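# Notes for the structure review
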Amino acid sequence: MNTFLKRRFFDQIAVMFGREPKKPAAISEPAQQIHVLKRATNKEKLQAATLAHERAKKVHKWRNRRWAVLIVANLMFTFSFWLDIQILEGALTASRFVGFHLIDLNSALQVMLAHKHIIVNLVIGTATVFVLWLILGGRSFCSWVCPYHLVAEWAEKIHLYLVKKKLVTDQNIDRRLRTLSWIVFAALALATGYTVFESISPTGILSRALIYGPGLALLWVLALLVFEVFFSRRAWCRYACPIGLTYGVVGILSPVRIKYKLDNCFHEGDCRKVCLVPHVLDTVIKGRAVDTEVPIGPDCTRCGLCVDTCPTGSLTFDVKGLSKLL
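Residues numbered from 1 in each chain as written. Predicted model: local features only at pLDDT ≥ 70, side-chain atom pairs only at ≥ 80, totals over all residues. Heavy atoms only, no water.

## Points about the packing of aromatic side chains
Tallying each qualifying case throughout the model produces twelve aromatic pairs. Both rings, one in Phe141 and one in Tyr247, keep their centres 4.6 Å apart while their planes meet at 10°; by these two values the pair is stacked. Highlighted residues: Phe141 in helix 7 (residues 140-144) and Tyr247 in helix 14 (residues 242-250), separated in sequence by 106 residues. Judged on exposure class, the residue Phe141 and its partner Tyr247 are both buried. Members of the aromatic cluster, joined through ring pairs, are Trp62, Trp144 and Phe317. For Arg63, the ring lying beneath its charged end belongs to Trp67, and the centroid distance is 4.3 Å. (Phe/Tyr/Trp six-rings, centres within 6.5 Å; stacked < 30°, edge-to-face > 60°. Helix = DSSP H or I, 4+ residues; strand = E, 2+ residues; numbered from the N terminus. Buried < 20%, exposed > 50% of the residue type's maximum accessible area, 1.4 Å probe, protein only. Lys NZ or Arg CZ within 6 Å of the ring centre and 35° of its normal.)

## Regarding the packing of helix 5 (residues 105-115) against helix 9 (residues 176-192)
Contact pair helix 5 / helix 9: the axes reach a minimum separation of 7 Å and the direction vectors enclose 40°. Taken together, helix 5 and helix 9 sit at an angle that is classed as oblique. Helix 9 is crossed by helix 5, and the crossing has right-handed handedness. Contacts between helix 5 and helix 9 involve Asn106, Leu109, Gln110, Leu113 and Ala114 from the former and Trp182, Phe185, Ala186, Ala189 and Leu190 from the latter. Its residues assigned to classes, the contact of helix 5 with helix 9 comprises eight nonpolar, two polar and no charged. (Axes fitted to C-alpha atoms, helices over the stretch in contact; angles between N-to-C directions. Parallel < 35°, antiparallel > 145°, perpendicular 65-115°, else oblique. Left-handed = near helix turned anticlockwise from the far one by under 90°. Contact = heavy atoms within 4.5 Å. Nonpolar A, V, L, I, M, F, W, Y, C, P; charged D, E, K, R; others polar.)

## Structural notes on the sheet that holds strand 1 (residues 88-91)
Two pairing modes exist for strands in a sheet, parallel and antiparallel, and in both the strands are linked by backbone hydrogen bonds. Taken together, the three strands give an open sheet; going across it, the order is 1-2-3, and neighbouring strands pair in antiparallel fashion. Edge positions in the open sheet fall to strand 1 and strand 3 (100-103), since each of these has one partner strand only. The mean angle between the axes of side-by-side strands here comes to 15°, regardless of whether they run parallel or antiparallel. Where helix 4 (residues 61-82) meets the sheet, its contacts fall on strand 1 and strand 2 (94-97), and the angle it forms with strand 1 comes to roughly 105°. (Pairing = 2+ DSSP bridges.)

Structure follows, in structure tokens:
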């Protein structure tokens with residue numbers, strides 16, 4: 001990793017914890033040359049971008065794949081319970097797949113804090129999950145598995161329609177709230193001996209509702225969705241959910257990531273418009289890329305919406321160390 005990407009790497013970690021993205025202090029020479037060229041040919045590029053963008057609007061390859069994986073993963077819990085076939089028992093917070101224990105990382109941490117000691121069985125149960133998301137990128141859990149992500153994504157479409165009709169406005173919230181939320185719920189578990197977060201986690205509530213049937217807790221999930229539709233776009237996932245932060249930290253060194261290539265980018269910004277966490281795409285803003293190729297940071301959910309939307313293929317899925325060999 002060169003010096004410019006190393007600086008960017010640590011900046012991306014700080015951004016994940018809530019710091020606002022900053023314009024890079026130093027940019028590599030090859031990237032500087034491309035930035036200069038782009039300033040000279042910007043009008044032509046934007047005209048070409050308009051045509052390419054119209055074609056890209058109809059591409060939903062990664063979104064459809066992701067929805068299919070997410071729905072199948074959650075329905076496996078449901079059908080295993082209803083049909084009593086014991087393939088995948090439990091819920092997303094804690095389960096057993098053909099005998100192997102799988103424990104959600106954030107849930108396991110909450111339980112151990114509440115009990116005030118390391119529970120060996122939980123450590124064993126989290127090991128497989130930890131390795132899986134270490135490889136795939138921690139926040140892939142959010143977009144590829146979490147049931148709340150899917151319903152919030154559908155609710156987001158209503159929000160964007162209302163914004164377009166000028167019936168509502170999108171209110172931004174300080175992203176440092178998520179880090180504060182993580183600290184508060186960890187402290188509550190430690191102080192009360194009770195996993196407070198698990199009682200309000202929309203991820204756990206929806207997972208259990210799909211398997212065991214609906215309950216009053218779904219009213220809380222509905223309230224979150226109403227807030228997101230009428231006040232703040234994807235507020236829970238962007239600004240509050242400690243699960244996202246936990247998995248983001250796990251995926252810091254993940255080999256699976258989205259990679260940005262500077263040379264063909266039109267900088268039209270459509271990728272940032274569709275992104276759940278647009279701060280991770282700060283590097284696509286004109287003049288911000290520190291090198292000709294920049295991996296997107298660990299707060300990226302690998303949802304693929306930016307890949308689908310990009311009209312020139314400047315954003316692609318990449319496996320570190322493997323893509324060059326293929």
